[in-house]
Amino acid sequence: PEETVTSSFASFIRAARPEHLSQTVRQRSKRMILDSIGVGLVGSTTRVFDIALRYCRLYSSVAVSSVYGKPGVKLSPTLAAFTNGVATHSMDFDDTWHPATHPSGAILPALLAASQMLPPNTKPNGLDFLLAFNVGLEVQGRLMHFSTEAHDIPKRFHPPSVVGTLGSAAATAKLLSLSSAQCCHALGIAASLAGAPMANAATQAKPLHVGNATRLGLEAALLAGRGMEANPLILDDIPGCSGFSAFYSVYQPKPLSTPNEHHEFLLEKQDIAFKRFPAHLGMHWVVDAALSVRNLFINYAGSFSPSLIRTIMLKIPVSKYINRPFPSSEHQARHSFQFNACAALLDGEVGLGSFSEGSIHRQELRELLDKVVVEHPEDNMANFDKMYGEVALLLHSGDVLTGKCDTFYGHWRKPLSKESLLKKFRSNASHVLPEEKIEAIITLVDNLENLSDSSQL
C-alpha cells in the first residue's frame, strides 16, 4: 500500500533500534529523565498532586505501579501515570523544548508505569526504556514541526496535551513492541484523547494537562494492543476532514523516514531547556534580566532601596496568559512576568519559596508591582528561541539602569552544567527521599543502558 504520513510514523516507531541513538542523544535524554524524576518528586509535595492522588485512590484494582514520593502506594498503571504526570507539572518546573512543549513529563510516567505493569519475564531492559523514551520525544518534535504556529508561545491548545499525548502513545507502543498497524492505531486513538485549552494556564487544572497526556497516551497504546482501531490517516492532511490538523491553524505534515544507521534524532540537533526555578519558561528571561539590573542598582546605591525607584519598565513579548500584573495565587505567580521580575529584584533570587502564599502577598512586593509598566517591542517575539527579557529601573534621580537577557542559563543555547543539573535533582528529591536513595537514582539513570530490568527505576 501507498505510504502515508501516519504509516511512516508507525513504521518509524516499529523500526527504531538502540543503535540509532547517538551518544549525544543518550546523554541528553538521561539528563531529561533524571531532571523529570526530581521535578516529579518535589511535585509530589504539592496540593494539586494530593487532590489527584486522592482521586486516583478511589480505584484500587491492579495496583502495580508506583507513585512519586509515596513509598508503599501503588495504583493501576494508567492512574499512576496520570498522578506522576500531575506531579511533574505541578510547579511548572519541568523541561521545555522548541517548538514549545514539556516533553519528558508527557512520556516518562507512562513508561515507568508500563515497566512495572509487564510480567517478570517480559520486563524491558534499560536500553529498551531509553529507546522508547526517545521515540516519544521524536514523535512530539516531528509533530510540532508540522505547523509554524507551534513555534510561538501558544494561544489555543497547551502543547503537551496535544503532541505529548501522541508522544506517550508512541513511546508506550514501542516499549510494548506493538506492530506497525497497532502503532498507527495507537496514534489515531491518542489524537481523539488529546487537547486542552490555554485558558486553564495558571490554575490547578494546568498540571492535569500533562497528567492526562501521559495517561491517555498509555491508554491509547493499551487499547491498540488489544485490537482497537482508529483512522489510519490521522496525521495526514485530508481536505475537508480534520485529523491532527484540528489542533493547528497551519498544518503541513511530512513523512518520518524509517531510521537507518545515519538517522539523526531531533534531540541531536535541538537540546532541552532545564528550569532553575519553578515557573513558566518565559519567566527565566525576565528573572535573569532583573538580577542583572539589581546588581547594577546595588553598585549604584550601595544596597537595594525600592524607595529610589520611580518606575520598573519590562520589555517582554505579547503573551496574554503570562502578562499578569497582580497575581493572587501560586499558579498565577508562576505565570506572571511582573511578579517574577519584582521577586528577583526584591530577594536577589527566585526559588521554591518565592511562590508561597506569604511571599506572594508581601507588602513590599506589592509596592514594587505597583511601579511596573510593560512594553511590547516589535522585535521581541513570543517565541522561546527568539524572545528576550529587559528590565529597566527609572530612578527618581532621573538615572536609568537596564538589564537584558537574550539567553538565560538553562536554555538549550546555554545548557545547565552537569553539576547544576545534579544540584537541582538532589535539592528536589531531598524533599521526599533520603540521601542514599537519591544517589541510587542518579547512578541508575547514569547507567540506564546497562540496567537489566527498567522497572527497577
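Residues numbered from 1 in each chain as written. Predicted model: local features only at pLDDT ≥ 70, side-chain atom pairs only at ≥ 80, totals over all residues. Heavy atoms only, no water.

**Structural notes on the domain arrangement of the protein**
By a frequent convention, interface size equals the accessible area lost on bringing the separate parts together.
Piece 1. Domain assignment breaks the protein into domain 1 (5-276 + 417-456) and domain 2 (281-405).
Piece 2. Computed from C-alpha atoms alone, the centre-to-centre distance between domain 1 and domain 2 is 33 Å.
Piece 3. Listed as interface residues are 22 residues of domain 1 and, on the opposing side, 18 residues of domain 2.
Piece 4. When residues of domain 1 are sorted by the area they lose upon contact with domain 2, Ile153, Ala202 and Arg276 head the list and together hold 36% of the total.
Piece 5. There are one salt bridge connecting domain 1 and domain 2.
Piece 6. The partner of Arg276 in a salt bridge is Asp288, and the shortest N-O contact between them spans 2.6 Å.
Piece 7. Remark: the boundary between domain 1 and domain 2 carries seven residue pairs in polar contact (both at pLDDT 80 or more).
Piece 8. Of the residues assigned to the side of domain 1 that touches domain 2, the class counts are ten nonpolar, seven polar and five charged. (Domains from an automatic or database assignment. Contact = heavy atoms within 4.5 Å. Buried area = accessible area lost by both parts, 1.4 Å probe. Salt bridge = Lys/Arg side-chain N within 4 Å of Asp/Glu carboxyl O. Polar contact = N/O pair within 3.5 Å; in protein donor to acceptor, adjacent residues only side chain to side chain. Nonpolar A, V, L, I, M, F, W, Y, C, P; charged D, E, K, R; others polar.)

**A word on helix H3 (residues 47-56)**
Piece 1. Listed as buried for H3 are Val48, Phe49, Ala52, Leu53 and Cys56. Projected down its long axis, H3 carries its buried residues within an arc of 135 degrees, all on one side. Of the exposed residues in H3, the ones pointing more than 90 degrees away from its buried face are Arg47 and Arg54. (Buried < 20%, exposed > 50% of the residue type's maximum accessible area, 1.4 Å probe, protein only. Helix = DSSP H or I, 4+ residues; strand = E, 2+ residues; numbered from the N terminus. Arc of directions from axis to C-beta.)

**What to know about the packing of aromatic side chains**
Piece 1. For the coordinates displayed, the defined rule picks out eleven aromatic pairs.
Piece 2. With a centroid separation of 4.8 Å and an interplanar angle of 85 degrees, the aromatic rings of Trp285 and Phe408 are classed as edge-to-face. A residue pair is termed long-range when its members are at least 10 positions apart, and Trp285 in helix H11 (residues 283-301) and Phe408 in the loop between strand E6 (400-405) and helix H16 (418-429) qualify at 123 residues. In this pair, the class of Trp285 matches that of Phe408, namely buried. (Phe/Tyr/Trp six-rings, centres within 6.5 Å; stacked < 30°, edge-to-face > 60°.)

**Quick look at the pattern of salt bridges**
Piece 1. Evaluated as defined, the whole model comprises 16 salt bridges.
Piece 2. Note that Lys275 is salt-bridged to Asp92, the shortest N-O span being 2.6 Å. Pair noted here: Lys275 is in the loop between helix H10 (266-269) and H11 and Asp92 is in the loop between helix H4 (77-89) and helix H5 (103-117), with a separation of 183 residues, a long-range link.
Piece 3. When its relative accessible area of 3% is taken as the criterion, Asp92 is described as buried.

**Structural notes on the sheet that holds strand E4 (residues 372-375)**
Piece 1. Taking strand neighbours across the sheet as the criterion, the four strands line up as E4-E3-E5-E6 in an open arrangement whose pairing is mixed. At either margin of the open sheet sits one strand with a lone partner, and together these are E4 and E6. Taking the axes of each pair of neighbouring strands and ignoring which way they run, one obtains an average angle of 20 degrees across the sheet. (Pairing = 2+ DSSP bridges. Axes fitted to C-alpha atoms, helices over the stretch in contact; angles between N-to-C directions.)

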